[in-house]
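Summary of the model geometry
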Amino acid sequence: MMISELKAPFIRSEATTHGIMRDVLIALIPVSAMAIVYFGIRSLHMIILGIGSAVFFEYFYQKVMKKESTIKDLSAAVTGLLIALSLPPTAPLWIVLFGTAVAIIFVKQLPGGIGKNTFNPAVLSRVLIKILFTPLITNWVLPGPDAVSAATPLSLIGSDTSVSALISFSEVPSFYDVFMGNIGGNIGETVKWAILLGFAYLVIRKVISFWVPISMLGGLFLTILLFGKSDFNIALYHLTIGTAMFAAVFMVTDYTSGPMIKKARIYYVLLIGIITGVLRILFYLPGGVGIAILIMNVLAPVLDGVCTPRVFGHTGRTIPVSYVFRK
Amino acid sequence: MNLIKYLTTKGVKIPDHKEMTRDLNVVNIKTPKHLYYSMDMHIGKPAKPVVAVGDSVKIGSLLGKNQGGISANIHSSVSGKVISIDEDGGFRGKCELITVENDYKDEKVKLKDLGDDISIEEFTKRLQEAGITGKGGAGFPTHIKYEMEKHEAEYLLINGAECEPYSTSDHRCMVEYADEIVKITNLIMKIYQVDETYIAVENQMPESKRALNQAIKKSHSKSIKVYELPSIYPQGHAALQIDKVLGIETKEKQRSGDVGVLQSNVSTIKAIHDAVFNNETFFRRIITVTGPMIKTPKNVMARIGTEVAHLVEECGGFYDGERINITGGPMMGKSFGNLSLSVDKDTTTLLFLKRHSKTEEKACIRCARCIDHCPVSLQPILISSAYRTREYDLGITLKSESCINCGICSYICPSKINLLDDIQNLNKELEGKDDDQ
């Protein structure tokens, strides 16, 4: 018997990478279901294609590179689903393929696979799609069988007119419609209550911290209040109309591309919120969330270095920033 | 109570399985025919045999003598005859091993009565004579601790937080010997002129708290308080407990005495009681024999020197299947293969777990759970990767030597990375490198 090789701790928690990713997928069920309900069967096609292609690209890459396959940990499936959900229903299907290929092969696998990427795969590919193919994916339709083309909700964000003034002209959806998802947008991002359900599930399962999404939205809210004529309604629309809530729950909470220290994670998401607000207000740039996340992905290790906790019994707390930069 | 500290307790909830033995009274078991005393039962120098083969001994007869410095006496736990003295293995490794054959007469030699007015010197001398060592698991000779801290003690902190899953020996000790614990506590407070005593217990063990409170009430003591700790692993760690209960942080390279705290495990306190009031040497202890592989888990009163195999037999034997034998708890215990080892003074628990196939290590996903949960705020994953890339100096920067070996990082890791192993290996590499004090 090789018993002498056994070392404490002799018991291990039930948590596994697979389990965490499965929880994220479960948390995405409400938004995925509502995407299909509101935007039709096409959403289902996008979702299946997103998950399928992401898993395929990961499998394919690891096969070619003769690496051990990690598709069973479900992380590729999560990335694929996130990409599908963050596209509008009118996006051509090949864009889904393009998105997952970029995310899995270039953002995730080239730096070394799960845990090694600097950028959030779904976010980087989403921003790239936005930059390269804007006309194709900003052609908003309202949910429903008629699929009427609508004013882009995000252009409201970019517009200078006070949103509260617009509400009376019924050009902006009411908060009730926003909450229920009766607005145009990316298929997984419109139904706010479904996002909140996913949020609650992830918090209960302890996959994410309650304060991370809240701090990001708080940062965004305060920034808009500060720069946007202190209008409460405008600030609230900024939180609810675009990608912000979806990103707060499912994007900025990504482990690998964010900081590791608890305190650093709060600063990280606060800054994402603030940068998003600044991009939206000062540069009239909708979709600032993605860019804000990418900027903070790069800065995450710096925050880790700054926020290193004090070790029990010691007084110093510094650790070389150069060290935390490595993954 | 420091509410903020209570709420921000770092650590982790672990399924504790204490229900297997929590409510079982401590039972006396048949003493075995042969008892084996390793002279290496404590931290420090092993004791030196002072008996010869053929000598008759009684309970309390000195077998091995304190070697001076950090060392402790070892006594016979049965009456009978010394039948051999040779080199053999104990839980702490190979050492001189005295074998005594039991004559089942249970004759005792007692230490002499101390009288009423006991000085610090008499008290610590008694601890030394009785061979008392820390019963919580470290096995530090108690008389040395009480001698070193004779001028500095402001608080007495009694550790009843048995945070390891499965272990219930301290819990049973508190439930069944609460009066004795309170009685000796009052005496120690008088001897050391300490005004405040805290007995730390876990809040999931209400029975021990109730028993202690009753005993305190009966003794009319106003300065002993039961302090409830959250049932989060690791509440039993000495320095963390001082910080939690008293709000005093033990700095690097300080001991509890340096911050004015006299700290003992409850079972050690009970042994001190027996030495002072019953004039007994340390010859037996409560051991929790438990785990899914043992047929009838029990809390047993076992004589020091009893073979593990004998205890297993007394507890109904094993279920079939692959097994891991552990002395101590599942988080910090040690595994052993040989059931003919015999229990020593700090054997708290004998745990027999089912053996599972080895968990395969996966890539780190940077979930940071190890960092979030480390009770001393280390960054285990960074230390682990420093070890794996052989950058041992980074271990110093990352303060890896502050690790308390609690095992939470390895326990909680979803990728099943053996973080504690890496940290311990790195610390082994660092040992000797900064030995310049």
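The shown structure was predicted, so the numbers you read here are calculated from the model rather than taken from an experiment.

Focus on the overall build of chain B
- When helices and strands are tallied, chain B shows 14 helices and 17 strands.
- In summary, chain B has a C-alpha radius of gyration of 22 Å against a globular reference of 22 Å for 437 residues, a match within 12%.
- Its C-alpha atoms put chain B at 60 × 50 × 45 Å along the principal axes.
- Out of the 437 residues belonging to chain B, those deemed buried represent 59%.
- In chain B, of all internal contacts separated by at least 6 residues, the share reaching a separation of at least 24 is 73%.
- Of the roughly 17800 Å² of accessible surface on chain B, 48% is carried by carbon and sulfur atoms.
- One finds the centroid of the 57 positive side-chain charges in chain B at a distance of 3 Å from the centroid of its 60 negative side-chain charges.

Focus on the sheet that holds strand S17 (residues 349-354) of chain B
Residues and elements named next belong to chain B.
- The six strands are arranged S1-S14-S13-S17-S15-S16 in an open sheet whose pairing can be described as mixed. If you trace the sheet from one side to the other, it starts and ends with strand S1 (26-28) and strand S16 (334-336), each paired once. Across the sheet, the axes of successive neighbouring strands diverge by a mean angle of 35°, strand direction being ignored.
- Where helix H4 (residues 169-176) meets the sheet, it contacts S1, strand S13 (284-290) and strand S14 (298-303), and its direction lies at approximately 125° from that of S13.

Looking at a negative patch on the surface
All names here are of chain B.
- Judged by side-chain charge, Asp86, Glu87, Asp88 and Glu96 come together as a negatively charged surface patch.
- Counting residues per element, the negative patch draws most heavily on strand S7 (residues 80-90), at three residues.
- Along the chain, the position of glutamate 96 falls in strand S8 (residues 93-102).

Quick notes on the interface of chain B and chain A
- Counting residues at the interface gives 61 residues for chain B and 41 residues for chain A.
- With both sides pooled, the region where chain B packs onto chain A buries about 4500 Å², and carbon together with sulfur makes up 58% of that total.
- Linking chain B with chain A are two salt bridges.
- When the shortest N-O distance is used, the salt bridge between Arg265(A) and Asp372(B) registers 2.9 Å.
- The interface formed by chain B and chain A contains 18 residue pairs in polar contact (both at pLDDT 80 or more).
- Mapped by element, the contributors of at least two residues to the side of chain B that touches chain A are helix H7 (238-246), strand S15 (323-327), S16, helix H10 (369-373), helix H11 (380-388), helix H12 (392-397), helix H13 (408-412) and helix H14 (419-430) of chain B.
- A breakdown of the residues in the side of chain B that touches chain A according to their chemical character gives 30 nonpolar, 15 polar and 16 charged.

Some words on the packing of aromatic side chains
- Within the structure shown, the criterion is met by 16 aromatic pairs over all chains.
- Measuring from ring centre to ring centre gives 6.3 Å for Tyr198(B) and Tyr227(B), while their planes differ by 80°; the resulting arrangement is edge-to-face. Of the two residues, Tyr198(B) sits in strand S10 (residues 196-202) while Tyr227(B) sits in strand S11 (residues 224-229), which places them 29 residues apart along the sequence. One exposure class covers both Tyr198(B) and Tyr227(B), and it is buried.
- An aromatic cluster is present here, built from Phe56(A), Phe57(A) and Phe60(A) joined pairwise through their rings.
- Taking the ring centre of Tyr177(B) as reference, the NZ or CZ of Lys270(B) above it sits at 4.2 Å.
- Directly above the aromatic system of Phe318(B) lies the positively charged group of Arg323(B), at a separation of 3.8 Å from the ring centroid.

Digging into the domain arrangement of chain B
All names here are of chain B.
- Each assigned domain of chain B is listed here: domain 1 (1-26 + 117-356) and domain 2 (369-430).
- Computed from C-alpha coordinates alone, the two centres of domain 1 and domain 2 are separated by 27 Å.
- At the interface, 12 residues of domain 1 touch 14 residues of domain 2.
- Taking both sides of the interface into account, the surface hidden between domain 1 and domain 2 amounts to around 1000 Å²; carbon and sulfur atoms contribute 70%.
- Where domain 1 packs against domain 2, one counts zero salt bridges.

Thoughts on the environment of Arg388(B)
Residue and element names in this part refer to chain B.
- By the secondary structure assignment, arginine 388 is in helix H11.
- Judged by its relative accessible area of 42%, arginine 388 falls in the partly exposed class.
- Considered as a pair, arginine 388 and valine 226 are 162 residues apart in the sequence and their alpha carbons are 45 Å apart.
- Look past the residues within four positions of arginine 388 in its chain and what remains in contact with it is Glu361, Ile417, Asn418 and Asp422.
- One polar contact links arginine 388 to aspartate 422, side chain to side chain, over a distance of 2.6 Å.

Observations concerning the pattern of salt bridges
- Counted under the stated rule, the structure contains 20 salt bridges over all chains.
- Linking Arg205(A) and Asp23(A) is a salt bridge whose minimum nitrogen-to-oxygen distance equals 3.0 Å. Remark: Asp23(A) occurs in helix H1 (residues 17-27) and Arg205(A) occurs in the loop between helix H10 (192-204) and helix H11 (211-227); sequence separation between them is 182 residues.
- The class for Asp23(A) is buried, based on a relative accessible area of 4%.
- The closest approach of N and O atoms between Lys108(A) and Glu58(A), which form a salt bridge, is 2.8 Å. Here Lys108(A), found in helix H5 (residues 93-109), pairs with Glu58(A), found in helix H3 (residues 41-64); they are 50 residues apart in sequence, far enough to count as distant. The pair formed by Lys108(A) and Glu58(A) is uniform in burial state, with each residue classed as buried.
- Through salt bridges with shared partners, a single network forms among Arg310(A), Glu249(B) and Lys251(B).

Parameters at a glance
- Residues numbered from 1 in each chain as written.
- Chains lettered and ligands numbered in written order.
- Predicted model: local features only at pLDDT ≥ 70, side-chain atom pairs only at ≥ 80, totals over all residues.
- Heavy atoms only, no water.
- Helix = DSSP H or I, 4+ residues; strand = E, 2+ residues; numbered from the N terminus.
- Rg over C-alpha atoms; globule rule 2.2 N^0.38 Å.
- Buried < 20%, exposed > 50% of the residue type's maximum accessible area, 1.4 Å probe, protein only.
- Contact = heavy atoms within 4.5 Å.
- Areas by Shrake-Rupley, 256 points an atom, 1.4 Å probe, with all protein chains shown as cover.
- Lys, Arg positive; Asp, Glu negative; His and termini not counted.
- Charge placed at Lys NZ, Arg CZ, Asp CG, Glu CD.
- Pairing = 2+ DSSP bridges.
- Axes fitted to C-alpha atoms, helices over the stretch in contact; angles between N-to-C directions.
- Patch = residues over 30% accessible without salt bridge, like charges linked within 9 Å, V, L, I, M, F, W, Y side chains within 5 Å.
- Salt bridge = Lys/Arg side-chain N within 4 Å of Asp/Glu carboxyl O.
- Buried area = accessible area lost by both parts, 1.4 Å probe.
- Polar contact = N/O pair within 3.5 Å; in protein donor to acceptor, adjacent residues only side chain to side chain.
- Nonpolar A, V, L, I, M, F, W, Y, C, P; charged D, E, K, R; others polar.
- Phe/Tyr/Trp six-rings, centres within 6.5 Å; stacked < 30°, edge-to-face > 60°.
- Lys NZ or Arg CZ within 6 Å of the ring centre and 35° of its normal.
- Domains from an automatic or database assignment.

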